[in-house]
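Summary of the model geometry
Here is how the chains run, residue by residue.
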Amino acid sequence: MATKKEPPRIIVDSREFRSELPCLIHRRGIEIVPLMITIGDYILSNDICVERKSISDLIGSLASGRLYNQCQQMTRFYSRPILLIEFDQNRSFHLQGRYMLSRDSDVNNAEIMQKLQLLTIHFPKLRLVWSPSPYACL
């Protein structure tokens, strides 16, 4: 007796619908379940949670310590936490130069690198995924 296979399903934080990624995921035939979730932005399975950050959000979250707390929560409840960092595919990407920092920011590139390094040291299960656009995530 054949069983009907259910389509893949991803839980998406309802605040993420301001970005393109949920729509792109839905176009791929994956069911989107919008919920207000407290840990992560995307829940792919019982083990996998994804926190998505743009470069500007990454910088702000690193500076405020919010990203550390988010990673702490993800690693506490998920065995495979992922930090998805989206950067602009139309600009050269590197962690140097003024491109990444706003004029009002008092965080320099060395601090950003140090905080990212500390993040990976404190959370060895955390995987960083760098993506040039939402289209590259699929």
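Notes on the structure follow. (Residues numbered from 1 in each chain as written. Predicted model: local features only at pLDDT ≥ 70, side-chain atom pairs only at ≥ 80, totals over all residues. Heavy atoms only, no water.)

Over the atoms rolls a probe the size of a water molecule, and in doing so it shows where empty space is left. Put simply, the largest pocket is a space of about 360 Å³. What lines the largest pocket is a set of 18 residues, among which Arg15, Asp41, Glu51, Arg66 and Gln70 lie closest to the centre. Those elements giving two or more residues to the lining of the largest pocket turn out to be strand S4 (48-54) and helix H3 (66-77). Counting residues per element, the lining of the largest pocket draws most heavily on H3, which supplies five residues. Residue composition of the lining of the largest pocket, by class: three nonpolar, five polar and ten charged. (1 Å grid on protein atoms, 1.4 Å probe; cavity = no way out; pocket = protein on both sides within 12 Å on 5 of 7 lines; lining within 4 Å. Points joined across faces, edges and corners; volume = space filled by probe spheres on them. Helix = DSSP H or I, 4+ residues; strand = E, 2+ residues; numbered from the N terminus. Nonpolar A, V, L, I, M, F, W, Y, C, P; charged D, E, K, R; others polar.)

With that settled, the discussion passes to the side chain of Ser19. Along the chain, the position of Ser19 falls in the loop between strand S1 (9-13) and helix H1 (21-27). One polar contact links the side chain of Ser19 to the main-chain carbonyl oxygen of Glu16, over a distance of 2.8 Å. If sequence neighbours within four positions are ignored, Ser19 has contacts with Tyr42 and Arg52. (Polar contact = N/O pair within 3.5 Å; in protein donor to acceptor, adjacent residues only side chain to side chain. Contact = heavy atoms within 4.5 Å.)

With mixed pairing, six strands are arranged side by side in an open sheet as S2-S1-S3-S4-S5-S6. Both edges of this open sheet fall to strand S2 (31-35) and strand S6 (127-131), since each of them pairs with a single strand only. Note that strand S5 (residues 80-86) and S6 share five bridges and pair parallel. The residue of S6 that forms the bridge with Leu83 is Leu128. Strands S4, S5 and S6 of the sheet are contacted by helix H2 (residues 55-64), whose axis makes an angle of about 100° with S4. Of the strands in this sheet, S4 and S5 touch H3, which is tilted by about 165° from S4. (Pairing = 2+ DSSP bridges. Axes fitted to C-alpha atoms, helices over the stretch in contact; angles between N-to-C directions.)

Within the structure shown, the criterion is met by zero disulfides. In this structure Cys71 is a free cysteine whose sulfur lies 9.7 Å from that of Cys49, the closest cysteine sulfur available. Looking at Cys71, the relative accessible area reads 0%, which means it is buried. (Disulfide = S-S within 2.5 Å. Buried < 20%, exposed > 50% of the residue type's maximum accessible area, 1.4 Å probe, protein only.)

Compared with an ideal rise of 1.5 Å per residue, which puts twelve residues at 16 Å, H3 spans 17 Å between its outermost C-alpha atoms and is within 8% of the ideal. Elements that come into contact with the buried residues of H3 comprise S4, H2, S5 and helix H4 (109-122). (Expected span 1.5 Å × (residues − 1).)

So, on to the pairing of S4. For a regular strand, side-chain orientation follows a simple rule: the groups alternate between the two sheet faces. Within S4, six of the seven residues are buried, which leaves the element mostly enclosed by the surrounding structure. Two elements, strand S3 (residues 42-43) and S4, share two bridges in a ladder whose sense is antiparallel. When the sheet's bridge partners are listed, Ile43 is paired in S4 with Cys49. With antiparallel pairing between neighbouring strands as the criterion, S3 and S4 make up a hairpin whose turn holds four residues. Inspection of the sheet shows S4 paired to S5 by seven bridges, in the parallel sense. In the strand pairing of S5, Cys49 is matched with Pro81.

In this structure, Leu58, Leu67, Cys71, Leu83, Leu119 and Leu126 are the most contacted members of the largest nonpolar core, which totals 20 residues. The element that contributes the greatest number of residues to this core is H2, accounting for four residues. Once residues within four sequence positions are removed from consideration, Cys71 is found in contact with Leu119, Phe123 and Leu126. Val12, Ile32, Ile48 and Leu84 belong to the second-largest nonpolar core, a separate cluster that totals nine residues. (Core = buried A, V, L, I, M, F, W, Y, C linked by side-chain atoms within 4.5 Å.)

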